[in-house]
Amino acid sequence: TTPSSAAADPAAGAAVKAADRAHVFHSWSAQGLIDPLPIAGAEGAYFWDYDGNRYLDFSSQLVNTNIGHQHPKVVAAIQEQAAKLCTIAPGFAVDVRSEAARLVAERTPGDLDKIFFTNGGAEAVENAVRMARLHTGRAKVLSAYRSYHGATATAINLTGDPRRWPSDTASAGVIHFWGPFLYRSAFHAETEEQECERALAHLEQTIAFEGPQSIAAIILETVPGTAGIMVPPAGYLAGVREICDRHGIVFILDEVMAGFGRTGQWFAADHFGVTPDLLTFAKGVNSGYVPLGGVAISAEIAATFDQRPYPGGLTYSGHPLACASAVATMNAMAEERIVENAADIGERVIGPALREIAERHPSVGEVRGMGVFWALDLVKNKETREPLVPYNAAGAANAPMAEFAAACKRGGLWPFVNMNRTHVVPACTITEAEAKEGLAALDEALTAADAHT
Ligand code: PMP
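Conventions used here
Residues numbered from 1 in each chain as written. Predicted model: local features only at pLDDT ≥ 70, side-chain atom pairs only at ≥ 80, totals over all residues. Helix = DSSP H or I, 4+ residues; strand = E, 2+ residues; numbered from the N terminus. Rg over C-alpha atoms; globule rule 2.2 N^0.38 Å. Buried ≥ 20, exposed ≤ 12 C-beta atoms within 10 Å, placed from the backbone. Contact = placed C-beta atoms within 7 Å. Core = buried A, V, L, I, M, F, W, Y, C linked by C-beta atoms within 7 Å. Domains from an automatic or database assignment. Axes fitted to C-alpha atoms, helices over the stretch in contact; angles between N-to-C directions. Parallel < 35°, antiparallel > 145°, perpendicular 65-115°, else oblique. Left-handed = near helix turned anticlockwise from the far one by under 90°. Nonpolar A, V, L, I, M, F, W, Y, C, P; charged D, E, K, R; others polar. Near = placed C-beta within 6 Å. Pairing = 2+ DSSP bridges. Expected span 1.5 Å × (residues − 1). Arc of directions from axis to C-beta.

Colleague: It is not clear to me how the overall build of the protein should be interpreted in this structure. Could you clarify?
Modeller: Counting its regular elements, the protein contains 14 helices and 15 strands. For the protein, the C-alpha radius of gyration of 22 Å lies close to 22 Å, the compact-globule estimate for 453 residues. Within the span of the protein, comprising 453 residues, buried residues form 49% of the whole. A sequence separation of at least 24 residues applies to 74% of the contacts in the protein between residues at least 6 apart.

Colleague: Looking at this model, I keep getting lost on the nonpolar core. Mind explaining?
Modeller: Within soluble globular proteins, side chains that are nonpolar generally end up buried alongside one another. Ranked by size, the top nonpolar core spans 128 residues in total, and within it Ala217, Ile218, Ile252, Leu278 and Val327 carry the most contacts. Among the elements that make up this core, the one with the highest residue count is helix H11 (residues 320–335) (nine residues). Formed jointly, this core draws a minimum of three residues from each of two domains, domain 1 (10–70 + 337–450) and domain 2 (72–335). When sequence neighbours within four positions are dropped, the list of residues in contact with Leu278 reads Ala128, Met131, Ala132, Val250, Ile252, Val295, Ile297, Ser298 and Ile301.

Colleague: Help me out: how do you make sense of the packing of helix H3 (residues 72–84) against H11 in this one?
Modeller: A pair of packed helices is captured by two measures, namely the crossing angle of their axes and the spacing between those axes. Viewed as axis vectors pointing N to C, H3 and H11 meet at an angle of 150°, and their least axial separation amounts to 8 Å. Relative to H11, the element H3 is oriented roughly antiparallel. Between H3 and H11 lies a crossing of right-handed hand. When H3 is examined against H11, the residues Lys73, Val74, Ala77, Ile78, Gln81 and Ala82 are found in contact with a partner set consisting of Pro320, Leu321, Ala324, Ser325, Val327, Ala328, Thr329 and Ala332. Looking at the contact of H3 with H11, its residues break down into 10 nonpolar, three polar and one charged.

Colleague: Can you help me understand the site of the ligand in this one?
Modeller: In the neighbourhood of the ligand, 16 residues make up the surrounding shell, with Gly120, Gly121, Ala122, Gly150 and Val256 lying closest. With three residues, helix H5 (residues 121–136) is the largest single contributor of residues to the shell around the ligand. For the shell around the ligand, the residue count by class is seven nonpolar, seven polar and two charged.

Colleague: Hey, could you run me through the environment of Pro38 in this one?
Modeller: By the secondary structure assignment, Pro38 is in the loop between helix H1 (10–23) and strand S1 (39–43). By the C-beta count within 10 Å, which is 18 here, Pro38 ends up partly exposed. Taking the C-alpha atoms as reference points, Pro38 and Pro10, 28 residues apart in sequence, are found 9.6 Å from one another. With residues near it in sequence (within four places) discarded, Pro38 still touches Gly13, Val16, Lys17, Asp49 and Tyr50.

Colleague: What is the right way to read the sheet that holds strand S12 (residues 373–378) from this model?
Modeller: Across a sheet, paired strands are connected by hydrogen bonds in the backbone, their directions being either parallel or antiparallel. Strand order across the open sheet formed by four strands is S11-S12-S15-S14, with antiparallel pairing between neighbours. Where the open sheet ends on each side, the last strands, each with one partner, are strand S11 (364–370) and strand S14 (416–418). Strand-to-strand twist across the sheet, computed as the mean angle between neighbouring axes with direction ignored, equals 20°. Where S14 meets strand S15 (residues 421–424), three bridges bridge the pair, whose relative direction is antiparallel. Across the sheet, the residue bridging to Asn418 is Arg421, located in S15. Each of S11, S12 and S15 is contacted by helix H12 (residues 338–360), which is oriented at about 170° to S11, the strand it contacts most.

Colleague: Which parts of the structure should I look at to understand the domain arrangement of the protein?
Modeller: It is common to give the size of an interface as the accessible area that goes away when the parts come together. One can read the domain layout of the protein as domain 1 (10–70 + 337–450) and domain 2 (72–335). Computed over C-alpha atoms, the centres of domain 1 and domain 2 are 25 Å apart. Opposite the 29 residues of domain 1 that make contact, domain 2 presents 28 residues. Split into classes, the residues belonging to the side of domain 1 that touches domain 2 amount to 12 nonpolar, 11 polar and six charged.

Colleague: Help me understand the environment of Leu279, please; the structure alone is not making it clear to me.
Modeller: For Leu279, the position within the fold is in strand S9 (residues 278–281). Along the sequence, Leu279 and Ile252 sit 27 residues apart, while their C-alpha atoms lie 5.7 Å from each other. Every residue in contact with Leu279, bar those within four places of it in the chain, is listed here: Thr108, Leu112, Leu253, Glu255 and Ala296.

Colleague: I'm lost on the packing of helix H7 (residues 192–210) against helix H8 (residues 236–247) in this one. Help?
Modeller: Interaxial distance between H7 and H8 falls to 10 Å at its minimum, and their mutual angle equals 25°. Taken together, the axes of H7 and H8 are roughly parallel relative to one another. Relative to H8, H7 is oriented so that their crossing is right-handed. Between H7 and H8, the contacting residues are Cys196, Ala199, Leu200, Leu203, Glu204 and Ile207 on the first element and Tyr236, Gly239, Val240, Ile243 and His247 on the second. Class assignment of the residues belonging to the contact of H7 with H8 gives a composition of eight nonpolar, two polar and one charged.

Colleague: Explain H12 here, please?
Modeller: Each turn of an α-helix holds 3.6 residues, which means side chains three or four residues apart point in the same direction. For H12, with 23 residues, the first-to-last C-alpha span of 31 Å sits near the 33 Å given by 1.5 Å per residue. Buried within H12 are the following residues: Ile338, Val339, Asn341, Ala342, Ile345, Gly346, Ile350, Ala353 and Leu354. In the core, the buried residues of H12 are packed alongside H11, S11, S12, S15 and helix H14 (432–450).

Colleague: Please explain H8 as it appears in this structure.
Modeller: Compared with the 16 Å implied by 1.5 Å per residue over 12 residues, the 17 Å span of H8 between its first and last C-alpha is a close match. Every buried residue belonging to H8 is among Tyr236, Leu237, Gly239, Val240 and Cys244, and all of these are buried. Looking straight down H8, one finds that the buried residues subtend no more than 155° of arc, so they occupy a single side. Counted as exposed and oriented over 90 degrees from the buried face of H8: Asp245 and Arg246. Buried residues in H8 make contact with H7, strand S7 (215–221), strand S8 (250–254) and helix H9 (269–272).

Colleague: Can you help me understand the sheet that holds S1 in this one?
Modeller: Taken together, the four strands give an open sheet; going across it, the order is S1-S2-S3-S13, and neighbouring strands pair in mixed fashion. With partners counted over all chains shown, the strands left at the sheet margins are S1 and strand S13 (413–414), one partner each. Relative to strand S2 (residues 46–49), S1 runs antiparallel, the two sharing four bridges. Across the sheet, Ile39 pairs through a bridge with Asp49, a residue of S2.

So, in structure tokens, the structure goes:
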């Protein structure tokens, strides 16, 4: 059953907000300028506030509720595990941790058969980089400008977007390069083939000038997410794999956002037939019901730490409640064919509808994506492709995107908005009817963006 919404209780909502403002310090925010929406509940692809407003969640929170909210099998698994064993140190062998590791290893490509668990994506990236540095004895790591890898020390420096800037002084050993992105090509390419070829040549040249013998790893999001859902051209990732092999560089694919069904496959790497040496995951592994992430490790890199200790660990690595929720999530996704649903709804309903919407709206410059992982690149002018708001716009300069987001919310749709883009990233469980409801609200809200073209 789809929830209509809980009975409105604005007084309770006001109390929740007042308590939040008193003591909660929020991420990425000027604390005095924010107005967090009090949330009363959530189910499936929806959540609702205390004022009787229900939102269809086209953001999946932070692109993590792949299985939707409050999936009964996952909730029950957490409750059962809580009654049995809430916590145990990472050094012990426990059934639920071994089973979670087995299920992840079974789904990841190639010989990525050993799983190091973390509490989320950034810690997964930190540990993948540490493993690569120790395995190669080299220090430098290359990452793409158009990327997001997390907010801990190394992960934020690997990240390409402006959130890196305040901590740039700590970026020793991190080198950025341009990945492929035909719509806003750094290489003046006109075709996907040219973009692929030139992006690989640029990477080769970056490596040559940095010194291949000093580079531990190249880290890439298989399909960059936060930076704009840019599906790489055919051959690019295979090309990077070949470059890494030739120079003895560890290839890390960050699947924190793209993994576990988002692209219509278990992993985005499955679309491209590429196996990295290390694969980072989080978010969809258990839809964020309990914090969990990890690194899937190749046999060769795992062997580095066979007779020599791995110098890294976390009190909550492989936490029983997190692992129980991951086992239940992966099993439910298989039983209910949720990855197949993401592929079907994405290719049959969302993709075609977005392309049709783009034709009618002057503000939609490009539609790109796969599965339930789509972006609309909003522009002032379709010919020049000038972004609807400038790069890293804030305050008044960002008004067109703020107006668009407000229009979505008035229409009962919770959008994902970043810079000049909106991403259509609903739960992998979304039904055709729900997708159509959200697409209709999006269509209407885009007239607010059109007004700025
Ligand atoms: N890598 C990627 C590709 C991500 O999208 C994110 C989160 N958006 C992270 C890493 C960081 O994950 P977390 O916020 O769980 O630390």
